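Below, each chain spelled out in residue letters.
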Amino acid sequence: MAKKVEKIDAKELSKQLLNDRTHGVKKAGAAEMKKADKFAEGYKAFLDEAKTERESVDYAVKAAEAAGFVPFDPSHKYKAGDKVYYNNRGKAMCLAVIGKKGCREGVRIAAAHIDNPRIDLKPIPLYEANELALLKTHYYGGIKHYQWTAIPLSMHGKIVRKDGTEITVNVGDKPSDPQFTITDILPHLGRDQMGKKLGEAFTGEDLNILVGSLPLEDAEGEQLFKLNVMKILNEQYGVVESDLISAEISFVPAFRAADIGFDRSMVGAYGHDDRVCAYPALEAILNCKTPERTVITCLADKEEIGSVGNTGLCSEYLNYFVADLAAAEGLEPRHVWSASNCLSADVTAAYDPTYAYAYEVGNSCYLNRGVGVAKYTGSRGKGGSNDASAEFVGWVRRILDDADVVWQIGELGKVDQGGGGTVALDISRLNADVIDIGVPVLSMHAPFEVVSKLDVYMAYKAFKAYFEAK
């Protein structure tokens, strides 16, 4: 008699052998979705309060001190459970919770950035033309120029007078505030503009901000429109035109964070890249109990322009912070770094079916499938990429799975389509293991970006699990 062949259960075999691409909502369940909704409310409040790197640091300092963190003192001996922070020039920040084992087996770092694409003022910005007062600008980071026209803008930053006194500026976000805008030509007269390539139709020098249309009252002379604006600034802030030379003023979208969709499953806002990773990384360390190893959240500046300057991660401030922690325990910093690892907390592109030509379906990240892991970034032949080791990727997988974190892995679009970079390179050069992990974003670098509430919450769970893992 012929032996009976058992029928293979393909469904069960798929569960055992194939990568699970189940929608994140089914993986998470109703209870986790409620937590995600609640977490998103705190995130939206942060987005509205902290639109620049300075405002993000102010927010983080206030939240850290409320959670028991104190300014870091390199001469002090800290014990397990102590919480410290280092404020680097009001534009970048490191927070640490001292572990039971201290630094001797390395530290764990979640590194996000808090600068966003925006419109900065030139050193001598104010001028008038044909009975309008305007500001000349120099954009910051990778933007599509045309997206910044004909939208409401708010003004944020700091002015430092010649005598050293400082003035904080925040105009355009409160209901009673005036707002600002960059004009565009009407379609009835836009034939020449619309005949140009998209990248040429609106140049950086066209990003002039409209700030006034009235001349100085009851006055005669020249530049009365410019003078009227300067008179208002002088009355409100006590500044003269030359004070704008020593100012850092940015214009950002005046939009408030909002739920997106009939199902309210998404958050739309300015500056998800990369505050959508910075906020979960901050919350993770604020809620971290005494860990085994010392843990650090780094909130960096200048990533959008290459992590340059003394507040970007090309600087040594994170290295010095770790070195001071190591020295307090009698350890060599290089030995600590060599045993350390880092989650480079930065966003990734979410698959957008409207622009499907730019993505490879099988290796993209999607909204609502959880936090996105990227083994490598860079462009073309992995140029400018950290490319995490298989061993480290495997270790991170175990941490995420053990903590029931919904996660996915993907690339930043098709090979040779483009690419991008993160702070991973700047930290890996110190001989630490690094991998990129962050929230997928639709319309990245646009004035209004979109993320999934579930993915934001899973980023928080991922960073917290990483900090607390044995």
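See the structure shown above.
A short tour of the structure in this document, coming up. Quick caveat: nothing in here was measured; it's all calculated off a predicted structure.

### Topic: the overall build of the protein chain
And then number 1: Along the protein chain, the regular secondary structure elements total twelve helices and 23 strands.
And then number 2: Over its C-alpha trace the protein chain gives a radius of gyration of 25 Å, about what one expects of a compact globule, namely 23 Å for 470 residues.
And then number 3: Across its three principal axes, the protein chain shows a C-alpha extent of roughly 110 × 65 × 40 Å.
And then number 4: The buried share of the protein chain, reckoned over its 470 residues, is 53%.

### Quick look at unusual backbone geometry
And then number 1: For the bond running from D273 to D274, omega is 15°, close enough to zero to count as cis.
And then number 2: Of note, S307 is a non-glycine position whose phi angle comes to about 60°, a positive value.
And then number 3: With respect to the helices and strands, S307 occurs in the loop between β14 (295-300) and α8 (317-328).
And then number 4: The class of S307 is buried, set by a relative accessible area of 2%.
And then number 5: Although it is not a glycine, D416 adopts a positive phi angle of roughly 70°.

### Regarding the packing of aromatic side chains
And then number 1: Throughout the structure, instances matching the rule amount to 19 aromatic pairs.
And then number 2: With a centroid separation of 5.3 Å and 55° between ring planes, the pair formed by F39 and Y279 is classed as tilted. Of this pair, F39 sits in helix α3 (residues 30-49) while Y279 sits in helix α7 (residues 272-286), and the two are 240 residues apart along the sequence.
And then number 3: Put simply, the rings of F39, Y43, F46, Y59, Y279, Y457 and Y460 pair up and form one aromatic cluster.
And then number 4: The aromatic ring of Y140 is capped on one face by R118, whose charged end is 3.7 Å from the ring centroid.
And then number 5: Its end group placed over the ring of Y366, R369 keeps NZ or CZ at 4.2 Å from the ring centre.

### So, the pairing of strand β17 (residues 371-374)
And then number 1: Burial of β17 is two-sided: the residues V371 and V373 facing one way and the residues G372 and A374 facing the other way are all buried.
And then number 2: Bridge analysis of β17 against strand β19 (residues 407-409) gives three bridges, and the strand direction is parallel. Paired with V373 across the bridge in β19 is I409.
And then number 3: As defined by bridge partners, β17 adjoins strand β21 (residues 433-438) across three bridges and the pair is classed as antiparallel. Its bridge partner lying in β21, A374 is registered against D436.

### Side note on empty space enclosed by the protein
And then number 1: This structure, assessed with the given rule, holds three cavities of 30 Å³ or more.
And then number 2: The volume enclosed by the largest cavity comes to roughly 40 Å³.
And then number 3: Elements supplying a minimum of two residues to the lining of the largest cavity: α8 and α11 (424-428).
And then number 4: Here the lining of the largest cavity is built from residues that sort into four nonpolar, two polar and three charged.

About the cut-offs
Residues numbered from 1 in each chain as written. Predicted model: local features only at pLDDT ≥ 70, side-chain atom pairs only at ≥ 80, totals over all residues. Heavy atoms only, no water. Helix = DSSP H or I, 4+ residues; strand = E, 2+ residues; numbered from the N terminus. Rg over C-alpha atoms; globule rule 2.2 N^0.38 Å. Buried < 20%, exposed > 50% of the residue type's maximum accessible area, 1.4 Å probe, protein only. Phe/Tyr/Trp six-rings, centres within 6.5 Å; stacked < 30°, edge-to-face > 60°. Lys NZ or Arg CZ within 6 Å of the ring centre and 35° of its normal. Pairing = 2+ DSSP bridges. 1 Å grid on protein atoms, 1.4 Å probe; cavity = no way out; pocket = protein on both sides within 12 Å on 5 of 7 lines; lining within 4 Å. Points joined across faces, edges and corners; volume = space filled by probe spheres on them. Nonpolar A, V, L, I, M, F, W, Y, C, P; charged D, E, K, R; others polar.

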